[in-house]
Amino acid sequence: MRQTQLFTKTRREAPADEVATNARLLIRAGYVHKEMAGVYDFLPLGLLVLEKIKAIVREEMNAIGGQEMIMSTLQRKELWEVTDRWDDDKVDVWFKSKLKNSVDVGFGWSHEEPITDMMKQFIGSYRDVPVYVYQFQTKLRNELRAKSGIMRGREFVMKDMYSYSRDEASHKAFYDSAISAYLRVFERTGLGERTFLTFASGGAFTEFSHEFQTVSDVGEDVIYLHREKKIAINKEVLTTKVVEELGVKRSDLEEVKAVEVGNIFNFGDVKSKQLGLSYKDEHGVEQPVILGSYGIGITRLMGTIVEVMADEKGIVWPESIAPFTYHLVSLGQKGDGAGRMADELYDAMTKEGMSVLYDDRDLRAGEKFADSDLIGIPWRIVVGKEAVASGRFEVVNRATGGVQHLGEREILAL
RNA sequence: CGGGCCGGAGUAUGCCGGUAGUACGUCUGCUUUGGGAGCAGAUAGACCGAGUUCAAUUCUCGGCGGCCCGACCA
């Protein structure tokens, strides 16, 4: 894409009403626009990143048998009354409204209830389970306090998956495969090294739930980390007993702050029984379905990546989720040597199907480099008089600053 | 929800009970062109309401909004 065609612009200063690094950089670079506290619009660059993240998550969910769908945002009150989660005293993040005929509706802050109720239409026999479904959905939560830019908003994109299994054993097997899939997601989005499977409070049914916590000072959670074993324990469940059960020594645990980027847990048969979801086994006996729930905050993941990877110059995207792979920066003008050379390279790269943002704006080098650093595309290809003279292009790695000089053919072969 | 800080161009600020000035930014043009250049011109502002007052951006009160700490957070 040509940068002159991009309607967003970079800004020199961050808005006065943002403190969080992720919001300041994403706004300055033109990825997002703030609508109100905790509510952000995703502009073309921001949407590209979101879609990249979603594509990775989608691949991993499909790989373990997930089927993608999408549930409605408007939800029925009755369903949530069945599980006693309609009352504002029970769930304090509800946005609610009424239909014209004064019927109450809720705006989806979570989807276990409607999705499980819907499944009653499709699960009747042991032949119908297991089934794994997931969606990318905009959740609406009336948070008392939004904070940290896009990390904790009132409107955010979440991937939620639900598993419906025959029994505890098969549920456990899927649950473990979901853990692996999640770890692959964080690996692929560049957070692998600092993201840890974390034991957390499990609710009514199991001793633990599992969180995926990315170590960062901007995190809201405190976890106790065992770096060698790559596991952690959320402070909320840290007891001598738990430490022993997990086979670690308290003295080996390191206290750190972390961002909860994912969370999975076992509902057992609790929700199925409440909502009346069951199947008939081989003997015609009614059996409850075992339900698991698996979430990844897509927009929070994006914010976390900005937070942990950015440097003083701006955003640093991992290649896997960058809006573009290459930032072609022309220092020439239309019609001059470097300008023509950049145009040609852009056309050639585009023809090869390469993902390139072409800075064809008529600005001085300093501004273009500053913007390029801010936007954070992994590889910068500079076309200036140096390139005109030598026929080779300066290729700079955004993360390391490493420079190499490549010819057109070498670039097209990347 | 408890507590704190704050509210004047996009950003940072000066002055002020007499109706808003500066710098940077932004836009236009010319010159310039390898790390935010120069010149010229332009654009753009008191959150809302009530009260006090001859007069309120300024003082008082009430809203609204923003940020932060805590609480909360499948």
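Residues numbered from 1 in each chain as written. Chains lettered and ligands numbered in written order. Predicted model: local features only at pLDDT ≥ 70, side-chain atom pairs only at ≥ 80, totals over all residues.

So, on to the sheet that holds strand β6 (residues 104-107). Ordered in space as β4-β6-β5, the 3 strands form an open sheet in which the pairing is antiparallel. The two strands at the open ends of the sheet, each matched to only one other strand, are β4 (74-76) and β5 (95-98). Looking at each pair of strands side by side, their axes are set apart by 40° on average, direction ignored. Here 3 bridges tie β4 to β6, and the two strands are oriented antiparallel to one another. In the sheet register, Arg76 faces β6, and the bridge partner there is Val105. (Pairing = 2+ DSSP bridges. Helix = DSSP H or I, 4+ residues; strand = E, 2+ residues; numbered from the N terminus. Axes fitted to C-alpha atoms, helices over the stretch in contact; angles between N-to-C directions.)

Contacts to RNA strand B come from 41 residues, most closely from Asp17, Ala37, Ala365, Gly366 and Gly384. Take the surface near RNA strand B: its biggest share by element is 8 residues, from helix α10 (residues 365-375). Looking at the surface near RNA strand B, its residues break down into 15 nonpolar, 9 polar and 17 charged. (Near = placed C-beta within 6 Å. Nonpolar A, V, L, I, M, F, W, Y, C, P; charged D, E, K, R; others polar.)

With that settled, consider the packing of helix α2 (residues 44-63) against helix α5 (residues 168-188). Two numbers describe how α2 lies on α5: the axes approach to 9 Å, and their chain directions differ by 155°. Accordingly, the angle class assigned to the pair α2 and α5 is roughly antiparallel. As for the relative orientation of α2 and α5, their crossing is right-handed in sense. Of the residues in α5, those in contact with Ile56, Val57, Glu60, Met61 and Ala63 of α2 are Ala181, Arg184, Val185 and Arg188. Each residue belonging to the contact of α2 with α5 can be placed in one class, and the counts come to 6 nonpolar, no polar and 3 charged. (Parallel < 35°, antiparallel > 145°, perpendicular 65-115°, else oblique. Left-handed = near helix turned anticlockwise from the far one by under 90°. Contact = placed C-beta atoms within 7 Å.)

This brings us to the nonpolar core. Within the largest apolar cluster, 94 residues are counted, with the highest numbers of intra-cluster contacts made by Leu26, Ile53, Ile298, Met302, Leu328, Ile381 and Val383. Here the element with the most residues in this core is α5; it accounts for 7 residues. For Ile298, the residues in contact, after removing those within four places along its chain, are Leu50, Ile53, Lys54, Phe136, Val157, Met158 and Lys159. (Core = buried A, V, L, I, M, F, W, Y, C linked by C-beta atoms within 7 Å. Buried ≥ 20, exposed ≤ 12 C-beta atoms within 10 Å, placed from the backbone.)

Pairing is mixed across the open sheet formed by 5 strands, whose spatial order is β18-β17-β19-β20-β21. Of all the strands in the sheet, the pair left with one neighbour each is β18 (356-359) and β21 (403-407). Within this sheet the neighbouring strands show an average axis-to-axis angle of 25°, counted without direction. Note: strand β19 (residues 379-383) against strand β20 (residues 392-397), 4 bridges, orientation antiparallel. The residue of β20 that forms the bridge with Ile381 is Val395. Across the face of the sheet, helix α9 (residues 337-351) comes into contact with β17 (326-330), β18 and β19 while running at roughly 160° to β17. Taken strand by strand, α10 contacts β17, β18 and β19, and its axis lies near 170° from that of β17.

For the bond running from Val129 to Pro130, omega is 5°, close enough to zero to count as cis. Checked against the element boundaries, Pro130 lands in the loop between α4 (112-119) and β7 (131-140). Here the phi dihedral of Ser102 falls at roughly 65°; this positive angle occurs in a residue that is not glycine. Within the secondary structure, Ser102 sits in the loop between β5 and β6. Backbone geometry at Lys230 places phi at a positive 60°, although glycine is not the residue there. By the secondary structure assignment, Lys230 is in the loop between β11 (221-226) and β12 (231-234).

This paragraph deals with the packing of helix α1 (residues 21-29) against helix α8 (residues 298-309). Direction vectors running N to C along α1 and α8 enclose 95°, while the axes themselves pass 9 Å from each other. In terms of their interaxial angle, α1 and α8 are classed as roughly perpendicular. Taken together, the residues of α8 that come into contact with α1 (itself represented by Thr21, Asn22, Leu25 and Leu26) are Gly303, Val306 and Glu307. Taken together, the residues of the contact of α1 with α8 break down into 3 nonpolar, 3 polar and 1 charged.

Further remarks concern α8. The periodicity of an α-helix, 3.6 residues per turn, causes residues three or four places apart in sequence to face the same way. In a regular helix each residue adds 1.5 Å, so 12 residues correspond to 16 Å; α8 covers 17 Å between its end C-alpha atoms and thus fits that length. Every buried residue of α8 is listed here: Ile298, Thr299, Arg300, Leu301, Met302, Gly303, Thr304, Ile305, Val306, Glu307 and Val308. (Expected span 1.5 Å × (residues − 1).)

With that settled, the discussion passes to the confidence of the model for chain A. Looking at chain A as a whole, its pLDDT mean stands at 95, while 99% of the residues score no less than 70. Interface predicted TM-score (ipTM) for the complex: 0.95; the corresponding pTM is 0.97. (pLDDT = per-residue confidence, 0-100.)

Along the chain, Val129 falls in the loop between α4 and β7. Looking at Val129, the number of C-beta atoms within 10 Å reads 22, which means it is buried. In this structure the C-alpha to C-alpha distance between Val129 and Ser163, which are 34 residues apart in sequence, comes to 9.3 Å. Not counting chain neighbours up to four residues away, the residues in contact with Val129 comprise Ile123, Tyr164, Ser165, Arg166, Tyr279 and Val289.

For α4, every residue scored as buried is listed here: Glu113, Ile115, Thr116 and Met119. On its buried face, α4 is in contact with α3 (77-82), β7, β8 (155-165), α7 (270-275) and β16 (290-297).

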